[in-house]
Amino acid sequence: MSLLGRLWVSTIAVIAIVLAVLSLFSVLQHDVIFSQLIRQRLAVTVEGTARPFRSVVEMGLPVSMMRNKRDLLERARGTDPAIKEVVLFNPSGIVVESTPARPPGRIPREVLQVQLQSIDSRWSLETDTELISGASIRNEAGTVVGGILAVYPGTELKARSAAVARQIGLASAGLFVLFSAIAYLILRARLKAVVKGLGRLEHALASLGHEGRRAAQSDVSSAKLGLLGNALDKLEEGLDDASRKYKLAKARLEALLPEDAAALALDGARELVLVGVPETALTRSFARRLTPVIAALALGSALALGYVAYLSINESFRPEIVKRTLLIGTDAAANIQRTIEAGVPIDKLVGGLQYFDHILADFPEISYFSVVTDEPVLEVGKHSARARSTRSSFPITIGGEKVGEIVTETNPDYIATQFRDVVLDLGVVVLVIILFAFELIVVVMAISVTGPLDRLHHLVDLQAGGDFSKRLIASTRSEIERLGTSLSERAERLNALFAAARRAIMAGAASNNGPSSREVLGPGFRLAGRRPAVLRFCSSTDIRLPLFLFAMADELPLSFFALYARAAENPFTWLSDGFAIGLPFAAYLLTALLSAPFARPLGKRFGYRRLFVTAAVLTVFAKLGLFYAHNIFEVVLFHSMNGIGFAFASLACQDYVLDMLPKGARSRSMSLFRTTLFSGVFAATALGGILADRLGQRPVFIICAGLAIAAAVLIWRLLPVGQPTIASGDERAEEERLSFNVLAPMRNAQFAAIALGIVIPQAIIDHVFISYLLALQMDEMGRSVSDIARVMMCFFLMLVLAGSLQGKLWERFRRPASVLAGSSILAGVVLLAAATMPSTWTILLAASSAGFALGMSGGPLAVLIMESAEGPLAHLGTSTVLGAVRVLERGGSIIGLLLIGAVTDYAGYSGATGIIGLITLAGAAGFVLLFAQGRKAIGRRNP
Amino acid sequence: MTRASKLVSVLLVAVGSCGLLVQTVEARMKIGMVVWIGCEDVCRGVKDYVSENQIDADVIVLDAAQNPAKLPGFVEQLRREHFDLAVTWGTKVTLGIAGRLADHDDPRFLTDIPVVFTVVADPVGSGIIESYELTGRDSVTGTRNRVPESVNIKSMRRYMPGFDHLGILYDANAPNSMLKVEEIRRLTDTLQFKLDAVPLSVLADGTPDPDSIDSGIAALKEKGVQFIYLGSSAFLEKQSDDFTGAAVAAGLAVLTPYEHMVTDSHALMSIAARDYDVGKLAGKQVAKILVEGMRPGDLPVLAMEEFAYLVNMKVAKRLDLYPPVEFLQFVEKVN
């Protein structure tokens, strides 16, 4: 297949994957929203039914003792013919009354579980076949003494979901065809000159292969191709050199052979040589030329489909909101009608204000209620004279005669907020898909274009240097691969000639050892005299997609894991809840910390491919274990296993990048490694929330296992077989070493200031506030897992943005201590604000600011630590200092998790957040004092 | 078979059949339903339960007709006629038939025949039993049919948010009535309301004077009460129309534990179980003893499981005291 064809297929594969994944998530997202909307509609009925029971309970009677309870349930069921069942149950889940009547029994355990876990009085869930909305009934002490639930069949949701899936599916298919056509046209235009350029080289090479002169320059001007043209020119120069060397070697070898001698047919096993290749200028310029095109195509198709999804969701959203507000008005009108029918005059509605106040508090989508006869006799809420379009009226009749009406006005701000949430969710999905698409593009580009180009370049460089002992094995027939094959065939020919020449020389010699290529051809040549070794290339791209998928597999449950741990049974009654929830997190960190030093020896012994696959298998078992886990012990056990899996997998990838690539490419490769890891975590956090909201928490673990398997398969296919060839010095081992000798560096005031004042508090912010407390605190406020995920996403986003900003500011503002102190003070203050004024907005602010603070601190922290390690602590060695930092960071997180976890039982989640804020501020203050002291001491020693 | 032997056989069968018949007649059990003011809804509930559940027993009503002097005679009759069980209605009747805990050896009270009491306002406070879970008496068990008094007070406040002054008219000679006043008084601090209790005047025979109802209501009105609570008084229940009528005339609302005072008289509101259902609950206890052979002393006092808020809307209108909108969503209304 031609380069154009291959690239086009790859591009449309990316577009197809992007559209398919986005379609799937859009339908899921639609279903999440629509399911919530239906449940909110159902909640109107449930809330209205629960209100009288709450009144009775507040007066001291159990719900079961209401004689007319069945009538109340029947009345609720009558409000909406779609309601399948309304059930009144006691705190143990025993059905007290239901309509239609059902045999004595209990409500399902999962429903009771949702009620128990809900801090709010209103809760809902979706099962395979039903949508359930419930309201808890509490006594004056706030204890749950019963509940009401109403059940909708899932048919309405399924029908609408199927319709939306059809719409989005058709749109995807249409967009796929459209963007495939556009892709072809654009790629053809972009590649036309390149293909001609490559064709020119191929032609030239072919001519040389046939001993002719290099063909005349083609009409393709390098200038037209810009940087790529230059790169092609450079390749061409290399080819010229290689051809010269080839010709020279060939001529010399042929001269050594008798007239009738022929080249030897070489056989035997081929040697495999692993080579790490950094990106070449040619690859970079090629990637620059094509990646934006493919990215634009993927982005364009994603945005177009996102818009279609937006329209579909909007189509479901608006009518449902109208239905709900109408239901609220109808329900209120029915209650007022009942009151008037009982004999209460319409202008003497005792407690009417309180009644409507309660409704306004329960349903913020309504902003105004009034009871009107000739004039309003009762008004509650904020009346807007301009709200005609959002106003509805519901007549009140006596004996068929209208005596008044209830007027409602919907709250446009609330509706806008709800819709904004919908758009945000969709935006998150599109963003994640784009991240995924980017990783995919990099891999596709590497397989189709950049990889083969790099390989070709490497071979050209070798041959230009006279080394004909290696060859490439082509997997396709693209222009680039054909060039590689031509060069490889030259190597084959020369080695066959060399073998024949050597045999001819050895025929007259006593020695069994044949002469080397240097001896035969002179310096500047390298031939093996046997089949050329096959080059197997390693690049950072090999691990990008698997690492991205693995990071997703690991972090997909992050947004809800604390809630999952809380829901697990705690058989150890002596363990407080907060402490028990913190245990799995601590165990994960501990096993990851302790297993990290083993990753390198294991990778060296068994190969990074096997190590990664082993880690993936561990992760699959861990995720399956978490799927089945029911008590906190099992959660801790499997999450610990997960910690080992993550440490091994991420370090296998990191070691692969560091060991297999040339030293010069390390910095860039490590940066790519971190970016990929972060992209996976970022995407996983966002998607995990949406998936958990849609599918439930447990199934997400199965998806994680699937992603881990996919990552393992990719690694198995992309990474070379065999033990790593350590291409460079082993100083990297220093980076991952642990040093439990934390006291030695702590004697230095500057190091102590950094460790105690910045490293540990910031680790606590990351591992305790973000991973653990944030979910619990937001859940307490009744926010969904998607909301939690969005806030966590903001943390990661700010972390990266601030890191990038800090890098740019570094040249102008080289004051690491000030940056660290300022960042910590900012994080501490916002955490305190979130603790004292807990709301979604303050927590969002806290998470974003914490991300910003941590992002800003990364660089300065490394500078100061290295300054200490190479300065006053030089006698300990850099590895000891860095190892101590690692232990302090993780150890601080583990202890912080357990202590803060225990504190939540007394101080609550907000209180615990406040404590972290105080620790951070105290740390910042301590840092400033100790650091200043440390600097003074240095000043005294070096006046 | 000879003719003589056939004759003997026929005679034996005939004698046997007569014996069985006699045995059947003798096996039909007798339940004495001792009531204070005739066989009303509770009594009918007991009867219907026995009949519907095919308990092989006759329910024989023994009506004291508000005359406590008849009660010792009923004790005698129940023993003499070998009644299998007695159901007693109200505190006075129960005290007269079963006595108190301390009377377990006193032959004036039934200690040898099972007793199921019902419509007793405070059986523990009046010393009939030790506790609702364990009566402390081998032959006595019963039913409870009232909500805790705090429910009544909170309900008045829910109906009338500014409520803080309660009035009770009581029968000073009736222990149940006195106990109820004391029980309510104990709640005044915790529920923050003021209580004024006015006793009914007593006639020469020790019974309350019906004419004192009006003056009692007037006295309560004068003290500024906002609601009158019936508490526990068979007398006022009997004088339902006069009592509730006088209250309404004085512009005062009455809350009662008896539904019929809302449905048939002029009480504004009740939080009560249906009397008929109370009778059926007593029937359930009877079945446990007579059919299942359980010992009354082993049976806890059964509580009514369902109560209703009942509001008389005509009275509400007359008092211009309409229930709040939220209240009307769950109360049962009488128009």
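As the structure is a prediction and not an experimental result, all values here were calculated from the model. (Residues numbered from 1 in each chain as written. Chains lettered and ligands numbered in written order. Predicted model: local features only at pLDDT ≥ 70, side-chain atom pairs only at ≥ 80, totals over all residues. Heavy atoms only, no water.)

## Overview of the overall build of chain B
Within chain B one finds 13 helices and 13 strands. The contacts of chain B with a sequence gap of at least 6 include a subset with a gap of at least 24, amounting to 71%. Of the roughly 14,300 Å² that chain B leaves accessible, carbon and sulfur atoms contribute 53%. (Helix = DSSP H or I, 4+ residues; strand = E, 2+ residues; numbered from the N terminus. Contact = heavy atoms within 4.5 Å. Areas by Shrake-Rupley, 256 points an atom, 1.4 Å probe, with all protein chains shown as cover.)

## Description of the overall build of chain A
Scanning chain A from terminus to terminus reveals 24 helices and twelve strands. Considering only contacts in chain A between residues 6 or more positions apart, those separated by 24 or more positions represent 79%. Total accessible area computed for chain A in this model is approximately 38,400 Å², and 61% of it derives from carbon and sulfur atoms.

## Observations regarding the interface of chain A and chain B
Often the size quoted for an interface is simply the accessible area lost on bringing the parts together. Contact with chain A, which involves 33 residues of that partner, is made by 33 residues of chain B. Summed over both sides, the interface between chain A and chain B buries roughly 2,700 Å², with carbon and sulfur atoms accounting for 56% of that surface. Ranking the residues of chain A by area buried against chain B places A:Met59, A:Arg67 and A:Val350 at the top, with a combined share of 32%. Taken together, chain A and chain B are joined by 15 residue pairs in polar contact (both at pLDDT 80 or more). Elements with a contribution of two residues or more to the side of chain A that touches chain B: α1 (3–58), α2 (69–78), α6 (281–341) and α7 (352–362) of chain A. (Buried area = accessible area lost by both parts, 1.4 Å probe. Polar contact = N/O pair within 3.5 Å; in protein donor to acceptor, adjacent residues only side chain to side chain.)

## Comments concerning the packing of helix α21 (residues 785–809) of chain A against helix α23 (residues 840–870) of chain A
Residue and element names in this part refer to chain A. Packing of α21 against α23 brings their axes to within 7 Å, and their N-to-C directions diverge by 35°. Between α21 and α23 lies a crossing whose hand is right-handed. Of the residues in α23, those in contact with Val791, Cys794, Phe795, Met798, Leu799, Ala802, Gly803, Leu805, Gln806 and Leu809 of α21 are Ile843, Leu844, Ala847, Ser848, Ala850, Gly851, Phe852, Leu854, Gly855, Met856, Gly859 and Pro860. A per-class count over the contact of α21 with α23 returns 16 nonpolar, six polar and no charged. (Axes fitted to C-alpha atoms, helices over the stretch in contact; angles between N-to-C directions. Left-handed = near helix turned anticlockwise from the far one by under 90°. Nonpolar A, V, L, I, M, F, W, Y, C, P; charged D, E, K, R; others polar.)

## Details of the confidence of the model for chain B
Detailed reading of the predicted coordinates is not advisable wherever pLDDT is low. Residues and elements named next belong to chain B. Across chain B, pLDDT averages 88, with 92% of residues at or above 70. Taken together, the stretch residues 17–25 has pLDDT below 50 and engages in zero contacts with residues farther than four places along the chain or on a different chain. ipTM for the predicted complex: 0.79, alongside a pTM of 0.69. (pLDDT = per-residue confidence, 0-100.)

## Focus: the sheet that holds strand β12 (residues 533–538) of chain A
Residues and elements named next belong to chain A. With respect to topology, three strands assemble into an open sheet ordered β6-β12-β11, the strand pairing being parallel. The outermost strands of the open sheet, each flanked by one partner alone, are β6 (272–276) and β11 (470–471). Across two bridges, the pairing between β11 and β12 is parallel. When the bridges of β12 are listed, Lys470 appears paired with Ala533. (Pairing = 2+ DSSP bridges.)

## Some points on the environment of B:Ala234
When you line up the elements, B:Ala234 lands in helix α9 (residues 234–238). Considering only alpha carbons, one finds B:Ala234 and B:Trp36, 198 residues apart in sequence, at a separation of 8.4 Å.

## Quick word on the packing of aromatic side chains
Tallied over the full model, the rule gives 26 aromatic pairs over all chains. Between A:Phe795 and A:Phe796 the ring centres are 5.2 Å apart and the planes differ by 75°, which places this aromatic pair in the edge-to-face class. Its relative accessible area of 1% is what places A:Phe795 among the buried residues. On the basis of an interplanar angle of 85° and a centroid distance of 6.1 Å, the ring pair of B:Phe163 and B:Phe227 is categorised as edge-to-face. (Phe/Tyr/Trp six-rings, centres within 6.5 Å; stacked < 30°, edge-to-face > 60°. Buried < 20%, exposed > 50% of the residue type's maximum accessible area, 1.4 Å probe, protein only.)

## Comments concerning the side chain of A:Asn68
Within the element layout of this structure, A:Asn68 appears in the loop between α1 and α2. For A:Asn68, a relative accessible area of 8% corresponds to the buried category. Here A:Asn68 is in contact with B:Phe330, B:Val331 and B:Glu332, once residues within four sequence places are set aside.

## Re a negative patch on the surface
All names here are of chain B. A cluster of acidic residues, Asp211, Asp214, Asp241, Asp242 and Asp264, forms a negative patch at the surface. Among the secondary structure elements, Asp211 is positioned in the loop between β7 (194–199) and α8 (212–223). Look at Asp211 and you get exposed, because its relative accessible area is 64%. (Patch = residues over 30% accessible without salt bridge, like charges linked within 9 Å, V, L, I, M, F, W, Y side chains within 5 Å. Salt bridge = Lys/Arg side-chain N within 4 Å of Asp/Glu carboxyl O. Lys, Arg positive; Asp, Glu negative; His and termini not counted. Charge placed at Lys NZ, Arg CZ, Asp CG, Glu CD.)

## A look at a nonpolar patch on the surface
Residues and elements named next belong to chain A. On the surface, a nonpolar cluster with roughly 280 Å² of combined accessible area is contributed by Leu624, Tyr628 and Ile702. With respect to the element layout, Ile702 can be found in helix α17 (residues 697–718). The partly exposed category is assigned to Ile702, whose relative accessible area is 37%.

## So, the packing of helix α11 (residues 541–555) of chain A against α17(A)
Residues and elements named next belong to chain A. Two elements in contact, α11 and α17, have axes whose closest approach is 8 Å; the angle formed by their N-to-C orientations is 165°. As judged from the angle between their axes, α11 and α17 are roughly antiparallel. In terms of crossing hand, the pair formed by α11 and α17 is left-handed. Touching Asp542, Ile543, Leu545, Pro546, Leu549, Phe550, Met552 and Ala553 of α11 are Cys704, Leu707, Ala708, Ala710, Ala711, Leu714, Ile715 and Leu718, all from α17. A per-class count over the contact of α11 with α17 returns 15 nonpolar, no polar and one charged. (Parallel < 35°, antiparallel > 145°, perpendicular 65-115°, else oblique.)

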